[in-house]
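One-letter residues, chain by chain:
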Amino acid sequence: MLDSPAIDVRQLRKAYRDGWIFKKNFNALQGVDLTVHRGEVFGLLGPNGAGKTTLIKILLGIVRSSGGEALLLGAPAGSRSARQRIGYLPENLSFPAHHTAISALQLYGRLSRVPEATIRAKSGQLLEQVGLAGRERELVRKYSKGMRQRLGLAQAMLHEPELLILDEPTDGLDPVGRSEIRRLITELRAQGKTVFLNSHILQEVELVCDRVAILAGGTLRGVGTPHELTTKFHGALTLRVRMELVGDANALDQLRSVRECEMLALPDSKWQFSSAADSQSEINDLVDQIRQLNISILKLERTRPTLEEVFLSAVNSD
Amino acid sequence: MKPYLAILIDSFWEALGNRVLWALLLGWSLVLCGLAPFGYITERSYKLSSVDIDNRSQLVENLAKAVKGQGGDSARAVAARLDASFIAKLKQIVLDDDAQRQRQFSQSELAEELNKVIAVRELYSEEAFPTAQRRERLAPLIAAAENASISPAEIEELNRELLQLAFPLELNRPQGEQLWVGYAGFKIADPLPVNRRQIKQFFEPILLGTIIKLGLGILAVFVAIVVTSPIIPETFRSGSLHLLLSKPISRIWLYLAKFFGGCVFVLVNITFVLIGLYFIAGLRFEIWNQGLLACIPILMFVFIIFYSVSALAGLIWGNAIVSVVVCMVFWLFCFSIGAMHDALLPQSELLTQMSRVRKVNENVLVVNERGGLGVWNAQFSVWQPAIQNEVRGPARTFGPIYDPKRELILTKAFFQTPFGGLQARSRKLAVIHLKPQAEGEHADASDVSPKTAAKAREEPVWPSELGPELPQQLFDIIEIGDTILAVCRGGLFKLDLDQLDARERSKNGLFGFKLPWPQTNAFENIAPRDYFVGANTAASPTQANDGCIIYSSGSLDHFALRSGKLEIVNSTRLDGDGTEAALVQMNERYCVVVRDNQPITILDSQLRPHREVELPDNQKVRQLQWIPATQDLAIVTHSGDLLKLTCQTGAVTEISSAFAGKCTCMHWQSSGKVWLGVKPSSVCLLDVNSATVEELYVPQPATLEMIFRWAVRPIYLLNPKPAALDTAMAYALSGNNSQALSLMTNDLEAVQMEVDIWTPVISNLVFVAVVLGVSCFYVSRKEF
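Residues numbered from 1 in each chain as written. Chains lettered and ligands numbered in written order. Predicted model: local features only at pLDDT ≥ 70, side-chain atom pairs only at ≥ 80, totals over all residues.

Once that is clear, we can look at the overall build of chain B. What chain B contains, in helices and strands, is 20 helices and 34 strands. Along the first, second and third principal axes, the C-alpha atoms of chain B reach 105 × 70 × 55 Å. Every one of the 784 residues in chain B was classed for burial, and the buried ones make up 41%. When contacts within chain B are restricted to residue pairs at least 6 apart in sequence, those whose partners lie at least 24 apart make up 61%. (Helix = DSSP H or I, 4+ residues; strand = E, 2+ residues; numbered from the N terminus. Buried ≥ 20, exposed ≤ 12 C-beta atoms within 10 Å, placed from the backbone. Contact = placed C-beta atoms within 7 Å.)

Attention shifts here to the overall build of chain A. Helix and strand counts for chain A come out as 11 helices and 14 strands. Each of the 318 residues in chain A was classed as buried or not, and the buried ones make up 41%. Of the contacts formed within chain A by residues at least 6 apart in sequence, a portion of 70% connects residues at least 24 apart.

Attention now goes to the nonpolar core. One finds A:Leu59, A:Phe196 and B:Phe303 to be the most contacted residues of the largest nonpolar core, which totals 137 residues. The greatest single-element share of this core, amounting to 15 residues, is contributed by helix α14 (residues 291-317) of chain B. Leave out the neighbours within four places in its chain, and A:Phe196 touches A:Ile7, A:Val36, A:Phe42, A:Leu44, A:Leu163, A:Leu164 and A:Ile165. The next biggest cluster of nonpolar side chains, apart from the first, holds 94 residues, and it includes B:Leu365, B:Leu500, B:Ile602 and B:Leu686. (Core = buried A, V, L, I, M, F, W, Y, C linked by C-beta atoms within 7 Å.)

On to the pairing of strand β13 (residues 270-277) of chain A. All names here are of chain A. Sheet topology places strand β11 (residues 237-245) next to β13; 8 bridges connect them, and they run antiparallel. Paired with Met 243 across the strands is Trp 271, a residue of β13. As paired elements, strand β12 (residues 262-266) and β13 share 5 bridges and run antiparallel to each other. By the bridge assignment, Leu 266 is partnered in β13 with Lys 270. Counted along the chain from β12 to the antiparallel partner β13, the turn is 3 residues long, and its residue Asp 268 has a positive phi close to 60 degrees. (Pairing = 2+ DSSP bridges.)

Turning next to the sheet that holds strand β29 (residues 663-668) of chain B. Residue and element names in this part refer to chain B. What the 4 strands build is an open sheet, ordered β29-β30-β31-β32; its pairing is antiparallel. The two strands at the open ends of the sheet, each matched to only one other strand, are β29 and β32 (692-697). Each adjacent strand pair in this sheet contributes to an overall mean axis angle of 25 degrees, direction not counted. Relative to strand β31 (residues 682-687), strand β30 (residues 673-678) runs antiparallel, the two being bridged by 6 bridges. The residue of β31 that forms the bridge with Lys 673 is Asp 687. (Axes fitted to C-alpha atoms, helices over the stretch in contact; angles between N-to-C directions.)

Take the packing of helix α1 (residues 3-16) of chain B against helix α13 (residues 251-285) of chain B next. All names here are of chain B. Two elements in contact, α1 and α13, have axes separated by 8 Å at closest approach and are oriented at 35 degrees. Between α1 and α13 lies a crossing of right-handed hand. Packed against α1, whose contacting residues are Tyr 4, Ile 7, Leu 8, Asp 10, Ser 11, Phe 12, Glu 14 and Ala 15, the element α13 presents Trp 253, Leu 254, Ala 257, Lys 258, Phe 260, Gly 261, Gly 262, Val 264, Phe 265 and Val 268 at the interface. Residues belonging to the contact of α1 with α13 are distributed by class as follows: 12 nonpolar, 3 polar and 3 charged. (Left-handed = near helix turned anticlockwise from the far one by under 90°. Nonpolar A, V, L, I, M, F, W, Y, C, P; charged D, E, K, R; others polar.)

This brings us to the packing of helix α15 (residues 320-350) of chain B against helix α18 (residues 703-718) of chain B. Residues and elements named next belong to chain B. Running from N to C, α15 and α18 point in directions that differ by 145 degrees, and their axes come no closer than 10 Å. Here the hand of the crossing between α15 and α18 comes out left-handed. Taken together, the residues of α18 that come into contact with α15 (itself represented by Ile 337, Met 340, His 341, Leu 344, Gln 347 and Ser 348) are Leu 704, Glu 705, Phe 708, Val 712, Ile 715 and Tyr 716. Residue composition of the contact of α15 with α18, by class: 8 nonpolar, 3 polar and 1 charged.

Many structure descriptions define interface size as the accessible area lost when the parts assemble. Contacts between the two partners involve 19 residues from chain B, matched on the other side by 23 residues from chain A. Counting only elements with at least two residues in the side of chain B that touches chain A, the list comes to α1 and α12 (238-245) of chain B. Of all the elements, α12(B) adds the most residues to the side of chain B that touches chain A, at 6 residues. Across the side of chain B that touches chain A, the residue classes break down as 9 nonpolar, 6 polar and 4 charged.

Before going further, it helps to spend a moment on the environment of A:Ile290. Residues and elements named next belong to chain A. Relative to the helices and strands, Ile 290 is located in helix α10 (residues 280-292). Sequence separation between Ile 290 and Ile 58 is 232 residues; the distance between their C-alpha atoms is 51 Å. Those residues in contact with Ile 290 that sit more than four places away from it in its chain are Val 241, Met 243, Leu 255, Ile 295 and Ile 297.

Moving on: the sheet that holds strand β14 (residues 295-303) of chain A. Residues and elements named next belong to chain A. Overall, antiparallel pairing links the 4 strands, which are arranged β12-β13-β11-β14 in an open sheet. Whereas interior strands pair on both sides, the edge strands pair on one side only; in this sheet they are β12 and β14. When strand polarity is set aside, the average angle formed by the axes of neighbouring strands in this sheet is 20 degrees. Contacts from α10 reach β11, β13 and β14 within the one sheet, and its direction differs from that of β11 by about 10 degrees.

Looking now at the confidence of the model for chain A. When pLDDT is low, close inspection of the predicted coordinates is not appropriate. Scored by pLDDT, chain A comes out at a mean of 85, with 97% of its residues at no less than 70. Of all helices and strands in chain A, the one with the weakest mean pLDDT is helix α11 (residues 307-315) of chain A (74), whereas helix α3 (residues 101-111) of chain A scores best (93). (pLDDT = per-residue confidence, 0-100.)

Looking now at the pairing of strand β11 (residues 428-433) of chain B. Note that strand β9 (residues 408-416) of chain B and β11(B) share 4 bridges and pair antiparallel. Residue B:Leu408 lies in a different strand from β11(B), and its bridge partner there is B:His433.

With that settled, the discussion passes to the confidence of the model for chain B. Per-residue pLDDT for chain B averages 83, and the proportion of residues at 70 or more is 92%. Model confidence for the complex is summarised by a pTM of 0.73, with the ipTM given as 0.82.

Another aspect to go through is unusual backbone geometry. All names here are of chain B. The omega torsion of the bond from Lys 679 to Pro 680 falls at 0 degrees, within 30 degrees of zero and hence cis. The topology assignment puts Pro 680 in the loop between β30 and β31. One non-glycine residue, Ala 184, lies in the positive phi region at around 55 degrees. The topology assignment puts Ala 184 in the loop between β2 (177-183) and β3 (186-188). Positive phi, close to 50 degrees, is recorded for Ser 553, a residue that is not glycine. Tracing the backbone through its elements, the reader meets Ser 553 in the loop between β18 (547-552) and β19 (555-562). Note on Ser 553: 15 C-beta atoms within 10 Å, which makes it partly exposed.

This part is about helix α20 (residues 758-781) of chain B. All names here are of chain B. For α20, which comprises 24 residues, the first-to-last C-alpha distance of 34 Å matches the rise-based estimate of 34 Å (1.5 Å per residue) to within 8%. Taken residue by residue, α20 has Pro 760, Asn 764, Val 771, Ser 775 and Val 779 as its buried positions. For α20, the secondary structure elements touched by its buried residues are α13, α14 and α19 (725-734). (Expected span 1.5 Å × (residues − 1).)

Before going further, it helps to examine the environment of B:Ser355. All names here are of chain B. Along the chain, Ser 355 turns up in strand β4 (residues 354-360). With 41 residues separating them along the chain, Ser 355 and Arg 396 place their C-alpha atoms 9.2 Å apart. Those residues in contact with Ser 355 that sit more than four places away from it in its chain are Val 367, Asn 368, Glu 369, Thr 397, Thr 664, Cys 665 and Glu 749.

In this section: the environment of A:Pro96. Turning to its location among the elements, A:Pro96 is positioned in the loop between β6 (86-89) and α3. In sequence terms A:Pro96 and A:Arg141 are 45 residues apart; their C-alpha atoms lie 7.9 Å from each other. For A:Pro96, the residues in contact, after removing those within four places along its chain, are B:Glu14 and B:Ser240.

What follows is the structure, encoded as structure tokens:
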């Protein structure tokens, strides 16, 4: 069991049925294969409706899969033993209004079968860790969204789970709060915990995640380190050229036909051309091609692609 | 701590943190504080109040006669002490004008004028009140008055008793104590016309029951449903639910813990109010009723029934408003079924029960609780009305009395009002002549043959005549051998049957001429002078038919019939306030008195206490009759059992038959054979020695009964019955396992509704279990 991956998903499928009389099927997941190793921080990316929440719900046992297999820490996803060992921070978290931070931790600790003494001992420490020290006796209904998010993170860590599933953990937080959450995640990685992160903020994922998966349309478009994904979906380098058309007006079409690129029209018959390239020699060849078409190069820029560009490429790859 | 216990405790704190709860508790506190100053105010007083005037018109007439020098000595003695201005007004009264007498004086004005007489010293004189000296209560007062050592309070008491002797039928019997409902020490309105026991009898099951039923059972439960309806939808909302479901707990237990946690809210409210009411009723009205505390779990159960529906709706639709609406629709459905059942039950099951049965000339005669006198029609197997029935609702029937010599049956049915009073179009006895009166008249039931069963249910077998008018305020009609005795407020009146013969002669005429019907009263008072009875008087002939036994106002009087007059043989007073409804029976060795909510009292032939007996299972007596040629008393209970009481030992045994739990009335033909009324409307002749049925008369059910039996009742049985838990509350409050149809129990023989606690409890338990089961299944399968 200890050797088993933190999350192991094989050919996972989920079809929702909708409608009272004429049932319609909607395939939220279509044969997803995913492995999250122990001790790594794993980011799950995908546009809205990609199936991310469905995947998390299946892992937690909130919905049943239509097919395939999902294991958490070696136990079937959704089983009580699996849930005992995970900490979960849901998206749009809300706490019953009558709770204070202390009483909420007490309740969720009890639900996770944490001994009373441990709850008492750890509550203060955790609240300090998430930045809620001094506010622990206030009713949570008076908390800001960010404070509730911090409290949610504290409850997820209270029973020292082996795996944390964090759904939009920085949602509603200010830049300082986000930075603290990133620090916390880094600390958790240092403690050997596995963190499964679902976030829309790609820079954040890029900053903290060891590996990333991109999910779109219910299928997994790619899994790997950010660098691996960049190479796979975009190329290692990006060439951006500002140019002016001086000769044949068909030159741009000819350029488009020889190279997959993005063309942006600028004022005064000027254009911006962007294209991915895997190496410097490929860039040199490209510059030669532009010049042969009698296009003047005004500015030439060589950059590395962002995760957002990779993400967009992956999502639009079909 | 167990996770589910944590959820339950959390729900408790959630309930305590609810502002609505505190607002409600504050509201309840204000209501309880508003109720707390209510209480009794009791004063020892013999003064009259308006409620003591029983018959205003008659009192004015008698006073007017007295001031004009007419009427009895006692009335004239009272009139002589009246205020001069009042006497002047009385002299102007036209005696024949009842409306004028009614208009002239109000009850409180009359009470005020008579109270002036109560205060005077010289009202008593032996000439005016010759029987006063013989009265146990008056003798010492008269002696004190003659010695001039009488106190003002004693004068008041003596004069009030003398007023009662002067106007026995017009004034209610003096209680010696006046009772008011007070608020913060101030009296509200006039003194109450009832005593504490009667208030308790009314207060516990009816008033308190209604407050709890309406205030808590409907209003508080509805408020609780509105307040708790968001708990389940909010718990199962994605934000908080996903977090809960990620914990190692079962969904089903999570749902149940939240459900019962919601009940905590109501528990706090109900407990607060009922404990408050318990102390107010105890401290202010001296009614320490533990049943109030027993209502806490019952009301909780009522709430759980509705909340289970609300919670399921909240689970499915995730909306508190929809939950409340679904709950209201469910309540409306249950209410409709329950109301239909409750409306049809008395008509098809209770009022059809037999209260009398006897066989006359091969005709099986029965009287049902609707006052209908029926004869068995073998052709259609129905009870055919013997005569036209005037009463449609619950009735009290006197008779049927059969006179074999004249071959006539006498009977009279009165409609019983909700407060136990008796009403009828006329006070005349119905007379049925069984022998042919003239040519063409059919006298035998067998001669009458309706064409259809429906006709047989409606067409009377015999024509009836209006006989002599019964005296006012009738309590019972009994037969002492050939003597028919009407027990009335004003005395014991013997029916002169010769008057009936005279009437027949006048009808037949003499030499072809019709004779005038003699107008003299057919009832003659044969009681000792100044013998009057109070409310709820019970009477029966002795087993030897040589006299009668009468229980009235706490006194038990044994009369012997000698030379056409009744003479008191023995007399005693029983404990209690004397206003309870009662039944009595006496034979040569024992006298048995049954009083409402008290043990059976057995006395010896000298009316000395012998023993007291409690019936098993808190059963209540419905009918009493001596088993011929034995010293044993047969008892029919309101639970429908036929029991035998051995007076010597006090042992109560069941007389075995196939009709245990179904008996409604009895008539012993011999020591071994008894006619039994069997629920709902059958009759049988039972051989008690062999427990075999010799004759059985089971009528075909009428359409209404068929609808009730085959449609309404099955639906009602299957349907959840939250409102039927009222019966459990009524049982908890009163401890009675049967409940009178009228508000005040003043006739023990009247049909009572059996308090069935377990049927609604079981059906509601099954319903709650099914709804919670469906909810649990739904929650376990639902993908949130």
